[in-house]
2 protein chains.
Amino acid sequence: MELHALTPIDEINLRIAKIRSAMIQQNLDAILISDNANIYYVTGRVINGYVYLPADGDVTYFIRRPLELKGDNIHYIRKPEQIAEYLEAKGIEQPRNLGLELSVTDYMTVERLSKLFPSSTISNASQVLRVSRAVKTPFELEMLRRSGVKHAMVYRHIPNLYQDGMSDIELQIEIERASRLEGCLGQFRISGGSMELFMCNILTGENADTPTPYDFAMGGGGLDPSLPVGANGTIIKPGMTVMVDANGNFTGYMTDMTRVFSLGNVEPLAYEAHECSIKICRELEKLGTPGTPASQLYERAIEIVTQHGLEHYFMGHAQKAGFIGHGVGIEINELPVIAPRSKDILQLNNVIALEPKFVIPQIGAVGIENTYIVTANGLERITNAPEHIISLD
Amino acid sequence: MELHALTPIDEINLRIAKIRSAMIQQNLDAILISDNANIYYVTGRVINGYVYLPADGDVTYFIRRPLELKGDNIHYIRKPEQIAEYLEAKGIEQPRNLGLELSVTDYMTVERLSKLFPSSTISNASQVLRVSRAVKTPFELEMLRRSGVKHAMVYRHIPNLYQDGMSDIELQIEIERASRLEGCLGQFRISGGSMELFMCNILTGENADTPTPYDFAMGGGGLDPSLPVGANGTIIKPGMTVMVDANGNFTGYMTDMTRVFSLGNVEPLAYEAHECSIKICRELEKLGTPGTPASQLYERAIEIVTQHGLEHYFMGHAQKAGFIGHGVGIEINELPVIAPRSKDILQLNNVIALEPKFVIPQIGAVGIENTYIVTANGLERITNAPEHIISLD
């Protein structure tokens, strides 16, 4: 099969041009890419190997697996030392300044790769790649929109999946199945060594207030100490809210979305906080134009929360999250970060998830999460499903 | 909650003693642990933070999240720089030789942590931790046995899950649900930056011969170029084999298991290769005693395959895997590695998965996988379900 059979070559060239323009700003003469998410970005597929991307000249693909890929500048290798041998044989000079993915590649691998380029200064290329990936191409926006449509469809099934007496995890298993049948790929990429992500998290009742080690917006104790987050087996009862945060990966590009359900009515405080979350989203949709500091979205959210006197419950109760949103794309935690000390400035065609959420002790979690494209007129919502609390009975 | 509430303190102390004895052999005075799998091993739970484990003296726990853990030597931090401040304030000298997890921690994090210990020589502690974890404690063996029992139960449901006209992925989704309902935690830890693992892989027909970038025993094209492995939507038809490799994580400890199904009869070559796989397992079960080189298991398997003239199909056809088995535990790819150039020697209470498999072009994949404990008398099988090819109709 052709290496580039799966993504239009113009799209691949556009992405490479974007990375090269960021490389020039960082004074990088070449980067050597091996992280799966970045490999997927620059080739449109996952390969086990390395992409050598010089600021000028041909991109070279050093592949271990899969066998049988065809195309220009593909070179099969067994070990990374063959990269240097090949470049030397081709008369390609060692780059003065070589970028490696120092924020995601393990230390021993970086040491080994650095030795192949004794004449090069090694710099961190992770930020160049993160910044390039944060501004989506029209092709990528289409992948995200398609994911959003299927993602919203999963949520429309949820009231039909609930049966009397179900626990949080039993409902979650049916949502996972419905999501897979809609085409969810099941796996989700997340950046950072201590992050681990599953298809879906449901929080109901007191469990919503259990702190988790993971750096997510919400917590939950989980079913086992080896994976302490999310549903813990709580039976869903009247008066509890049921927050469903099911991730959407239908195209290799991820949308993030949360809705809340209940059995009959819940306490007024829960409705009030939930409506506050919807109000925050409406406000930030107008505010989120290119050029707006990400921190300003956070501050505006805090203002609205404070006006409603709901600070005590915002972004957690026993333990609070330090952000209200994040970029999404090939990974679920891309740039920009919507947090008080974020230096990120919204750019046209960023894609972000906003998740202003509340934990109401004993009752559960409330609030919505949507995925948005940053447009000249504000945020375009691509996860469209009813937003108010929906009763399961 | 108490930090150690979830695992008996004697168990934790036993694991720490094992690591310390490996540290002394490597001349490590202390190690600083932050990888989730290793944190889980030394605490019995996942925390976001660091465990400072000196060869002598108290273990100290530096925790960012979750809040509210109680116990001795717990110190809450916001950033790793506070580790050095705390140790200095306590009058604890910087270790001469400090081990960090250099094989799994990203380069930038290692640089940051190294700066906190300017008087220390930094060494790689990854191997010390891998070697310690490879020999399971009686408590861990019990976790693995419990996982194996539930795992086998999932396979017993499979014939009832198949319906006429199903595709590989439709059957897989029902197996995933059945596995979750038996208590599967859904997520699986795997070591190595380019490895990504999902709950289940099904291979049927020609798709079994599609090379994958991942370093698994078998391949498959997958549903999307972003995750190119496993089921690709092939409709299951008479004459094809259906290989089900569903991972088992019911306790934080993983068992690995594969069985093969069919619609009616398949070609004699497929039965012959499948029976050869069972024969290899029976032989290696006798051979796998403490002290046996892992490479010897591989060589014996190749001998049997060659006697049957099946080399052409063994461990893949268009693309071949370089191993027939691997250690399992907290992660699916632990020590020892059962491969031709492996230097590993089987030890009492290693736990390994053996997966001598074949790809028969056009028909599919055949062969079994079981998880075993290395005992004085050979391998004890902990994934017990019928091993011959089972017809789904």
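What you see is a predicted model; the values in this text were computed from it and never measured.

1. Points about the packing of aromatic side chains
Residue and element names in this part refer to chain B.
Item 1. Under the criterion given, the structure shown has eleven aromatic pairs over all chains.
Item 2. Here Tyr-52 and Phe-117 contribute two aromatic rings whose centre-to-centre distance is 6.4 Å and whose plane-to-plane angle is 5 degrees, an arrangement assigned as stacked. Of this pair, Tyr-52 sits in strand S2 (residues 48-54) while Phe-117 sits in the loop between helix H4 (107-115) and strand S6 (121-124), and the two are 65 residues apart along the sequence. One exposure class covers both Tyr-52 and Phe-117, and it is buried.

2. Looking at the packing of helix H7 (residues 168-181) of chain A against helix H7 (residues 168-181) of chain B
Item 1. Following both chains from N to C, one finds H7(A) and H7(B) inclined at 170 degrees, their axes separated by 10 Å at the closest point. Taken as axis vectors, H7(A) and H7(B) run roughly antiparallel relative to one another. In contact with A:Ile169, A:Gln172, A:Ile173, A:Glu174, A:Glu176, A:Arg177, A:Arg180 and A:Leu181 of H7(A), H7(B) contributes B:Ile169, B:Gln172, B:Ile173, B:Glu174, B:Glu176, B:Arg177, B:Arg180 and B:Leu181.

3. With respect to the sheet that holds strand S11 (residues 258-262) of chain B
Item 1. Strand order in the open sheet made by the four strands is S7-S8-S11-S19 (chain B), with mixed pairing throughout. Of all the strands in the sheet, just strand S7 (200-204) and strand S19 (390-391) of chain B have a single pairing partner and so form its edges.

4. So, the UniProt feature "domain: Creatinase N-terminal" (unreviewed entry) in chain A
Item 1. As recorded in UniProt, the sites labelled "domain: Creatinase N-terminal" (unreviewed entry) are residues 15-135 of chain A.
Item 2. Along residues 15-135 of chain A, the helical share is 38% and the strand share 23%, with 10 Å between the first and last C-alpha atoms.

5. Points about the interface of chain B and chain A
A common way to state how big an interface is: give the accessible area lost once the parts meet.
Item 1. Residue-level contacts link 58 residues of chain B with 58 residues of chain A.
Item 2. A:Glu196 is paired through a salt bridge with B:Arg189; the nearest N and O atoms lie 2.7 Å apart.
Item 3. Among the secondary structure elements, those contributing two or more residues to the side of chain B that touches chain A are helix H2 (36-43), H4 and H7 of chain B.
Item 4. Here the side of chain B that touches chain A takes eight residues from H7(B), the largest share from any one element.
Item 5. Broken down by class, the residue content of the side of chain B that touches chain A amounts to 28 nonpolar, 16 polar and 14 charged.

6. Some thoughts on the relation of the copies chain B and chain A
Item 1. Expressed as a screw transformation, the operator carrying chain B onto chain A has a rotation angle of 180 degrees and an axial translation of 0.0 Å, and the superposed copies differ by an RMSD of 0.0 Å. Look at the turn and shift together and you get a two-fold axis relating the two.
Item 2. A share of 100% of the interface residues of chain B reappears at the interface of chain A, consistent with the copies meeting face to face through the same patch.

7. Notes on the domain arrangement of chain A
Residues and elements named next belong to chain A.
Item 1. The domain architecture assigned to chain A consists of domain 1 (9-133) and domain 2 (135-391).
Item 2. When each unit is reduced to the centre of its C-alpha atoms, the spacing between domain 1 and domain 2 is 34 Å.
Item 3. At the junction of the two partners, domain 1 supplies 15 residues and domain 2 supplies 16 residues.
Item 4. When the two sides are added together, the surface that domain 1 and domain 2 hide from each other amounts to roughly 1,300 Å², 48% of it contributed by carbon and sulfur.
Item 5. When the area that domain 1 buries against domain 2 is broken down by residue, the three leading residues are Tyr-40, Arg-130 and Arg-133, summing to 47%.
Item 6. Linking domain 1 with domain 2 are two salt bridges.
Item 7. Glu-331 is the salt-bridge partner of Arg-133, the closest N and O atoms lying 3.0 Å from each other.
Item 8. Put simply, domain 1 and domain 2 have seven residue pairs in polar contact (both at pLDDT 80 or more) between them.
Item 9. Those elements that provide at least two residues to the side of domain 1 that touches domain 2 are helix H1 (9-25), helix H2 (36-43) and helix H5 (126-134).

8. Quick notes on the sheet that holds strand S17 (residues 370-375) of chain A
All names here are of chain A.
Item 1. Pairing in this open sheet of five strands is antiparallel, and the strands run S13-S12-S14-S17-S18 from one edge to the other. The open sheet has two edge strands with one neighbour each: strand S13 (334-338) and strand S18 (378-381). Mean inter-strand twist for the sheet, computed between neighbouring axes without regard to direction, equals 30 degrees.
Item 2. Relative to S17, strand S14 (residues 351-354) is paired through four bridges, and the arrangement is antiparallel. Directly across from Leu-354, in S17, lies its bridge partner Asn-370.
Item 3. Contacts from H5 reach S13 and S14, with the element oriented near 80 degrees to S13.

9. Considerations on the UniProt feature "domain: Peptidase M24" (unreviewed entry) in chain A
Item 1. When the UniProt feature table is mapped onto this chain, "domain: Peptidase M24" (unreviewed entry) is found at residues 142-376 of chain A.
Item 2. Measuring from the first to the last C-alpha atom of residues 142-376 of chain A gives 17 Å, for a span that is 29% helix and 20% strand.

10. Here's the deal with the pattern of salt bridges
Residues and elements named next belong to chain A.
Item 1. Taken as a whole and assessed by the stated rule, the structure comprises 39 salt bridges over all chains.
Item 2. Put simply, Glu-81 and Arg-112 hold a salt bridge, and the shortest N to O gap is 2.8 Å. With Glu-81 in helix H3 (residues 81-89) and Arg-112 in helix H4 (residues 107-115), the pair connects residues that are 31 residues apart, well separated along the chain.
Item 3. Glu-81 sits in the partly exposed class, given a relative accessible area of 25%.
Item 4. Here Arg-112 falls in the partly exposed class, since its relative accessible area comes to 39%.
Item 5. For the salt bridge of Lys-357 with Asp-245, the shortest nitrogen-to-oxygen distance reads 3.3 Å. Taken together, the residues span a long stretch of sequence, with Lys-357 in strand S15 (residues 357-360) and Asp-245 in strand S8 (residues 241-246) at a distance of 112 residues.
Item 6. On the accessibility criterion, Asp-245 (17% relative accessible area) is buried.
Item 7. Linked through salt bridges whose partners overlap, the residues forming this network are Arg-133, Lys-136, Glu-331 and Glu-334.

11. A word on unusual backbone geometry
Item 1. In this chain, B:Arg65 is followed by B:Pro66 through a cis amide linkage whose omega measures 0 degrees.
Item 2. Residue placement: B:Pro66 occurs in the loop between strand S3 (60-65) and strand S4 (74-76).
Item 3. Look at the link from B:Leu335 to B:Pro336: it is a cis peptide, with omega at 0 degrees.
Item 4. Within the secondary structure, B:Pro336 sits in strand S13 (residues 334-338).
Item 5. With a phi angle near 60 degrees, A:Asn27 is a residue other than glycine that sits in the positive phi range.
Item 6. Tracing the chain through its elements places A:Asn27 in the loop between H1 and strand S1 (30-33).
Item 7. What makes A:Asn27 partly exposed here is its relative accessible area of 47%.

12. Observations concerning the packing of H2(B) against helix H5 (residues 126-134) of chain B
Residues and elements named next belong to chain B.
Item 1. Two elements in contact, H2 and H5, have axes whose closest approach is 11 Å; the angle formed by their N-to-C orientations is 55 degrees. With respect to their mutual orientation, H2 and H5 come out oblique. In this structure, H2 crosses over H5, and the sense of that crossing is left-handed. Contact residues: H2 offers Ala-37, Asn-38 and Tyr-41, while H5 offers Leu-129, Ser-132 and Arg-133.
Item 2. The residue inventory of the contact of H2 with H5, partitioned by class, reads three nonpolar, two polar and one charged.

How each quantity is defined
- Residues numbered from 1 in each chain as written.
- Chains lettered and ligands numbered in written order.
- Predicted model: local features only at pLDDT ≥ 70, side-chain atom pairs only at ≥ 80, totals over all residues.
- Heavy atoms only, no water.
- Phe/Tyr/Trp six-rings, centres within 6.5 Å; stacked < 30°, edge-to-face > 60°.
- Helix = DSSP H or I, 4+ residues; strand = E, 2+ residues; numbered from the N terminus.
- Buried < 20%, exposed > 50% of the residue type's maximum accessible area, 1.4 Å probe, protein only.
- Axes fitted to C-alpha atoms, helices over the stretch in contact; angles between N-to-C directions.
- Parallel < 35°, antiparallel > 145°, perpendicular 65-115°, else oblique.
- Contact = heavy atoms within 4.5 Å.
- Pairing = 2+ DSSP bridges.
- UniProt positions renumbered as here; feature names shortened; annotations may be inferred.
- Salt bridge = Lys/Arg side-chain N within 4 Å of Asp/Glu carboxyl O.
- Nonpolar A, V, L, I, M, F, W, Y, C, P; charged D, E, K, R; others polar.
- Least-squares fit on C-alpha atoms with pLDDT ≥ 70 in both.
- Domains from an automatic or database assignment.
- Buried area = accessible area lost by both parts, 1.4 Å probe.
- Polar contact = N/O pair within 3.5 Å; in protein donor to acceptor, adjacent residues only side chain to side chain.
- Left-handed = near helix turned anticlockwise from the far one by under 90°.

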